[in-house]
Amino acid sequence: MKIAVIGTGYVGLVTGVTLSEIGHQVTCVDVDKEKVNTLNKGVSPIYEEGLTELLEKNLERGTLTFTADYDEGMLGKDIIYLTVGTPQGKDGSADLTYIDKACDSIAASLQQNAIIVTKSTVPVGTNSYIKSRFEEKLSSNIKVKIVSNPEFLRQGSAVYDTFNGDRIVIGSDNTEALETIAEVNAPFNLPIVKTDLRSAEMIKYAANAFLATKISFINEIANLSEQVGANVDLVADGIGMDKRIGRAFLNAGAGFGGSCFPKDTNALISIGKEVDYTMPLLESVIKVNDKQRSIIADKVIANYADLSGKKIAVLGLAFKPNTDDMRDAPSIQITERLIEQGANLYAYDPVAIENAKKVLSGQVEYCSNIESALQNADMAIILTEWQEIKDFPLSAYKQYMKKPVLFDGRNCFTIEQINGSGIEYHSIGRPVEKAN
Amino acid sequence: MHKIAVAGTGYVGLVAGACFSEVGHNVTCVDIDENKVKTMKQGISPIYEEGLEELMQKNYAAGRIDYTTDYQTAYKDADAIFIGVGTPEQADGSANLSYIATVARQIAESVEKDCLVVVKSTVPVGTNDKVEQFINDFLVNDVRVEVASNPEFLAQGSAVKDTLQAERIIIGTESKWAEDVLLGLYEPFNLPIVSVNRRSAEMIKYASNDFLALKISYMNDIANLCELIGADVQDVARGMSFDDRIGSKFLNAGIGYGGSCFPKDTKALENIAKQNGYELKTVKAAIDVNKEQKTLLYKKASKRLITFNGLKVAVLGLTFKPGTDDLREAPSLENVPLLLEQGADIYAYDPVGAENFAKVHPEGPKAKGSITYVSNAEQALKDAHVCFVFTEWGEVKAVTPEQYGELMRTPLVFDGRNIYDLQEMAIAGVEYHSVGRNTVTKEDIKETKNHAVPNAR
C-alpha cells in the first residue's frame, strides 16, 4: 500500500516508521522544512527507544521519505494517516486547528480517491466532521472514506508498543475501508477490534480516562493509608492479585502527567458537557490528581518551618521515566512552590533537562549527575522513577548530603530497603521512616 | 489438622466453616439460633449457595463439621476461632461492630489454651487492634490470644468456588506466631497467600471492593455518555478489554451494583476517611453515579410512556445479581415501588428471589398498582405492555427475542443488563432500550422489515 502520514510528532513519526518497517511505502508530510531535512538525514527530533534505527533502515531501503510538500506527499497515495496534534483548548476541549489545516491541505493536493485514517485522539464525532469538511473542500470527482484508528502507544516505549500492542482499534461506517485498514495492519499480527467510527473514538478516551481513574483511586487510598497506618504498597499488592483489578497502574505517587491522561480525561468531561451530561466521577479524578501532583511539596513544607536557603536536590523532572517530555509534569508545580518558599533547587534528570529549562523557573540549577545534585543538600526529592535513580545506592545519600532526608514521590524503595540505611524517608501512602 | 471454631453462620462464616472442613480441619460452627443449628445439622443450608449443602452434608457425615449454640465448648480448646459475624451498615454509613464485640467477649471468657482469633468480617481499619485489646482485657484464663485479619473475598453465588479456588488469601498479622498459625491453616488450600500487617489487610478488603464498585460506576458513566453521542458501550468495553492494565472483567455496563458488599464497603471507607479528615473523592463519585444508575430503567420508561396506569408490566429478575436470593440494594427494590406508585400491574418472575421480595412487597394491590409473582418468564410476559429486565439470570437470558415479540401485547423492553443483540431484537419486532447502546425504535423495526440487510442503528 502507498501511504502518506501527515505530521511527524510522536504519533506521526512512530506511525510512519513502523508502517514502512512492515513493508508499506510511506511518505511523511510535515510543513516544517527544517524538520523534514533533519528527518531525511535519519535524525529523530524525539527521544524514543529503537526509533532511530528503524528510521535509518527504512530511509536507506527507500520505503520511507519525508517531505514538506503536500502535492508530493499526496501523489498516488491510497491511504492518508492524520496524526497532527490536538492540544487541549482553554475550556478543556480538544483544539482542532491542526486537523482543519491538514484536511484543507490534503484536499487541495489530492488527485485520487483515498482512505483517511485518523490516528490523532479526537473528540467523539470529529471523524464525521472531518468527512464533511473533505466533502466541502474536495472536487466532486474525488471521494474519501474515513477510518478512526486511535493509537495507544506509550511514550518511552512507543516503537515496542506498536509492534507489541494489546490491540489495534479500527472504526468506520464503511465496511470496505474498514477491511482495507485491517489488511494494512495485518503484518503487526495483533488482535484487531473492528467497530463503528464513534465507538472507536470513544475507546481511546474511555481507556485513558479509566487508567487515570485507577491512578487517582490508588493515590486516595495511599493518602488514607498514611492516616490509618496501612502501607499502600502492600494494599496494592493485595488488591492487584484480583484479576478484575490487576496490579498495573496501582503505584501510588505524585499524580499523573504527560500529554495523554490529563488531556483525555478533561476532553471526555467536555464531550459530556456538549451533550449536557456531567461526569462527576471524572471530575473527581482530575481534582484528586491536581492535589496529588503537589503532595511532595506539601510534605516538604509541612516538615520544615522555614525553607529559605535550604538546598534541595530534585531527582527526576520528566513526567515519567524514559521520556524527555515535560508536558504537565508534576515537577513544574513542585519546583515552583519550593522556590516560592525560598529553597535553592539543584535538579538532575537523565534526558529531560533541555526541555525542563524551557518550562521551569530560571532559578533551578541543573546538575549533570545525581551525586552533584545531592552534594551538601538538606533534603532530596524524587519526582521521576528513572531506573538510574532507583539503582542509585542508598548509602550514597548519607555520604553526599548534609542531612540524609529523602522525600520520594514515586515510592522507589521498599520500607525494608530504607530500614537501617540511616535515611529519613517520606513516601506516598506509607509510614514515615526516621533516620535511626 | 487443626481444631477450628467459627462464630456466625451467615455467608462468610458458614462458607468458611464448610471449606475448612473440606480441606481436613475439625470445624465447629457457632450460632445463637437453635433452629438454624438444627437445620444445618440436617445438612440444610440457611442460604442459597451453589455446592454449599454438598460440602455440609459430606463433611458432617465424615465428622469434620458440627454446629452448636454452645460457644463455650466450641471455643475453649480451639487452635483458631474465625469470626464471620455481620458488620451491618449504620445510618451514618459506619459499620456496626456490636456482634463482633459480643463474640470477642465470649471468646475472652471461654478460651483455655493459646488461640488465634481471626476476623473475617469486614471491619474498619484499626478495629482488630481494638478487638485484640478487648479480648485481652476480659481474658479469664492465662493464655495467649492474638487477633489476625483475614478478609473475605467471596462473591455471593460462587462463594464456595471462590473460597476453594481464591485468587489470593490475605492474612494480616502482627507477630510471627500468628502468621505461622494462619499459614498452617491455609496450607492445604494450596493458594497464593499475601501476608501483610493487620491494618493493611483491613484496608485491602475495602480498597478491593471500592475499586470494583468504582470500575462499575465508571463503565456506567461511559455507557450513559455513549448513548448520548451514538457510540456502543459494548464495543467500547471490548476495545478497552485487551489492555491488561484495565482487564477484561467488570466492564459490563448496567443498572448499578447492589448486594451486601459494594454499597456497604464504599460507604464505610468514605466514612473512615471522613473520620480521618480526608475526603475520598473517587469513591464518593462512584456512590453517586450508582445511585442515579439504579433507577435508570424507570427514568427511561417514564420518558417513553405517559403513564403506567393500567399497564401490565413484566419484571424479569429481582435479585441484585444471578445465582443468589439476596435482594440487598437490588435495583428492583428502587424501581418496583416507583412503578407501583404510577399504577403499574406488575407480574414479577425470579427463579429464587421472589419469596424474599414478597416479604417486602406482598402479592396483591399496592399503592396505585398491584404485584403478582409468577413461576416463569412466559407468564410474566403474556399480554404485557412493557417489560423490565433487572437481573441476568440464565432463565431470563433463555427468553428469545421472538418470545417477547409473540407473547407481549406491545413488545417494549427495557433491559438493564444488555442481554440481547440489537439487530435480533429489531428483527423480532421488539422496541428495545438497553444501557449505553442505541435504542431499537419502531422506525428501526420497520426499516429492518423493509430492507434485505438489517441495520439496527
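Rules behind the numbers
- Residues numbered from 1 in each chain as written.
- Chains lettered and ligands numbered in written order.
- Predicted model: local features only at pLDDT ≥ 70, side-chain atom pairs only at ≥ 80, totals over all residues.
- Heavy atoms only, no water.
- Helix = DSSP H or I, 4+ residues; strand = E, 2+ residues; numbered from the N terminus.
- Rg over C-alpha atoms; globule rule 2.2 N^0.38 Å.
- Contact = heavy atoms within 4.5 Å.
- Areas by Shrake-Rupley, 256 points an atom, 1.4 Å probe, with all protein chains shown as cover.
- Lys, Arg positive; Asp, Glu negative; His and termini not counted.
- Charge placed at Lys NZ, Arg CZ, Asp CG, Glu CD.
- Salt bridge = Lys/Arg side-chain N within 4 Å of Asp/Glu carboxyl O.
- Buried < 20%, exposed > 50% of the residue type's maximum accessible area, 1.4 Å probe, protein only.
- Arc of directions from axis to C-beta.
- Patch = residues over 30% accessible without salt bridge, like charges linked within 9 Å, V, L, I, M, F, W, Y side chains within 5 Å.
- Phe/Tyr/Trp six-rings, centres within 6.5 Å; stacked < 30°, edge-to-face > 60°.
- Lys NZ or Arg CZ within 6 Å of the ring centre and 35° of its normal.
- Expected span 1.5 Å × (residues − 1).
- Domains from an automatic or database assignment.
- Buried area = accessible area lost by both parts, 1.4 Å probe.
- Polar contact = N/O pair within 3.5 Å; in protein donor to acceptor, adjacent residues only side chain to side chain.
- Nonpolar A, V, L, I, M, F, W, Y, C, P; charged D, E, K, R; others polar.
- Axes fitted to C-alpha atoms, helices over the stretch in contact; angles between N-to-C directions.
- Parallel < 35°, antiparallel > 145°, perpendicular 65-115°, else oblique.

### Side note on the overall build of chain A
And step 1. Looking only at helices and strands, one finds 19 helices and 14 strands in chain A.
And step 2. Compactness check: chain A gives a C-alpha radius of gyration of 24 Å against a globular reference of 22 Å for 436 residues, within 12% of the reference.
And step 3. Here the C-alpha coordinates of chain A stretch approximately 80 × 45 × 35 Å along the principal axes.
And step 4. The contacts of chain A with a sequence gap of at least 6 include a subset with a gap of at least 24, amounting to 71%.
And step 5. Counting every atom, chain A has about 16,800 Å² of accessible surface; 47% of that belongs to carbon and sulfur.
And step 6. Distance from the positive charge centre (44 side chains) to the negative charge centre (57 side chains) of chain A: 2 Å.

### Comments concerning the pattern of salt bridges
Residues and elements named next belong to chain B.
And step 1. By the definition in use, this model includes 47 salt bridges over all chains.
And step 2. With a closest N to O distance of 3.5 Å, Asp31 and Lys36 form a salt bridge.
And step 3. Judged by its relative accessible area of 22%, Lys36 is partly exposed.
And step 4. For Arg198, the salt bridge identified is with Glu132, shortest N-O distance 2.8 Å. Here Arg198, found in helix H9 (residues 198–229), pairs with Glu132, found in helix H6 (residues 127–138); they are 66 residues apart in sequence, far enough to count as distant. Grouping residues by exposure puts Arg198 and Glu132 together as buried.
And step 5. Members of the salt-bridge network, linked through shared partners, are Glu89, Lys267, Lys294, Glu329 and Glu334.

### A closer look at helix H3 (residues 52–61) of chain B
All names here are of chain B.
And step 1. For H3, the set of buried residues is Leu52, Leu55, Met56 and Asn59. Viewed along the axis of H3, the buried residues span an arc of 100 degrees, placing them on a single side of the element. Among the exposed residues of H3, those oriented more than 90 degrees off its buried face are Glu54 and Ala61.
And step 2. Against helix H1 (11–22), helix H2 (34–41), strand S3 (65–68) and helix H7 (159–164) lie the buried residues of H3.
And step 3. Gly63 sits one or two positions beyond H3 and adopts a positive phi of about 75 degrees.

### With respect to a negative patch on the surface
Residues and elements named next belong to chain A.
And step 1. Residues Glu49, Glu53, Glu56 and Glu60 make up a contiguous surface patch of negative charge.
And step 2. Checked against the element boundaries, Glu49 lands in the loop between helix H2 (33–40) and helix H3 (51–60).
And step 3. Look at Glu49 and you get exposed, because its relative accessible area is 61%.

### Some remarks on the packing of aromatic side chains
And step 1. Under the criterion given, the structure shown has 25 aromatic pairs over all chains.
And step 2. A ring pair is formed by Phe256 of chain A and Phe261 of chain A, whose centres lie 6.1 Å apart and whose planes are at 90 degrees; its orientation type is edge-to-face.
And step 3. Judged by its relative accessible area of 4%, Phe256 of chain A is buried.
And step 4. Ring centres 5.4 Å apart and planes at 85 degrees place the aromatic pair Tyr404 of chain B and Tyr420 of chain B in the edge-to-face group. In this pair, Tyr404 of chain B is assigned in helix H18 (residues 401–407) and Tyr420 of chain B in the loop between strand S14 (412–415) and helix H19 (422–427), connecting sequence segments 16 residues apart.
And step 5. Overall, Tyr404 of chain B belongs to the buried group, its relative accessible area being 0%.
And step 6. Taken together through their ring pairs, the aromatic side chains of Tyr298, Phe308, Phe388, Phe390 and Phe414 of chain B make up a single cluster.
And step 7. Sitting over the face of the ring of Phe152 of chain A, Arg167 of chain A holds its NZ or CZ atom 3.8 Å from the ring centroid.
And step 8. We note Lys204 of chain A situated over the ring of Phe152 of chain A; from NZ or CZ to the ring centre the distance is 5.8 Å.

### Concerning helix H5 (residues 98–110) of chain B
All names here are of chain B.
And step 1. With 13 residues, H5 should cover 18 Å at 1.5 Å per step; its first-to-last C-alpha distance of 18 Å lies within 8% of that length.
And step 2. For H5, the set of buried residues is Ile100, Val103, Ala104, Gln106, Ile107, Ala108 and Ser110.
And step 3. Check the buried side of H5 and you find it contacts strand S1 (3–7), helix H4 (71–76), strand S4 (80–83), strand S5 (115–119) and H6.

### Side note on the domain arrangement of chain B
Residues and elements named next belong to chain B.
And step 1. For chain B, the domain assignment lists domain 1 (3–195), domain 2 (204–293) and domain 3 (296–444).
And step 2. Of the roughly 1,200 Å² buried where domain 1 meets domain 2, counting both sides, 55% is carbon and sulfur surface.
And step 3. For the pair domain 1 and domain 2, the interface holds one salt bridge.
And step 4. Salt-bridge contacts for Glu89 lead to Lys267; the nearest nitrogen and oxygen are separated by 3.1 Å.
And step 5. The tally of links from domain 1 across to domain 2 stands at five residue pairs in polar contact (both at pLDDT 80 or more).
And step 6. Its residues assigned to classes, the side of domain 1 that touches domain 2 shows six nonpolar, five polar and four charged.

### What about the side chain of Glu424 of chain A?
Residues and elements named next belong to chain A.
And step 1. Here Glu424 is to be found in strand S14 (residues 424–426).
And step 2. Despite being buried, Glu424 has no salt bridge partner; Lys434 is the closest side chain of opposite charge, sitting 4.1 Å away.
And step 3. Within polar-contact distance, the side chain of Glu424 engages the side chain of His426 at 2.8 Å.
And step 4. Not counting chain neighbours up to four residues away, the residues in contact with Glu424 comprise Pro404, Val405, Leu406, Glu433, Lys434 and Ala435.

### Description of the packing of helix H6 (residues 126–137) of chain A against helix H9 (residues 197–228) of chain A
Residue and element names in this part refer to chain A.
And step 1. Between H6 and H9, the shortest axis-to-axis distance is 8 Å and the interhelical angle comes to 130 degrees. Comparing the axis directions of H6 and H9 gives the class oblique. Within the contact between the two elements, H6 uses Thr126, Asn127 and Ser128 and H9 uses Leu197, Arg198 and Glu201.
And step 2. Within the contact of H6 with H9, the residues separate by chemical class into one nonpolar, three polar and two charged.

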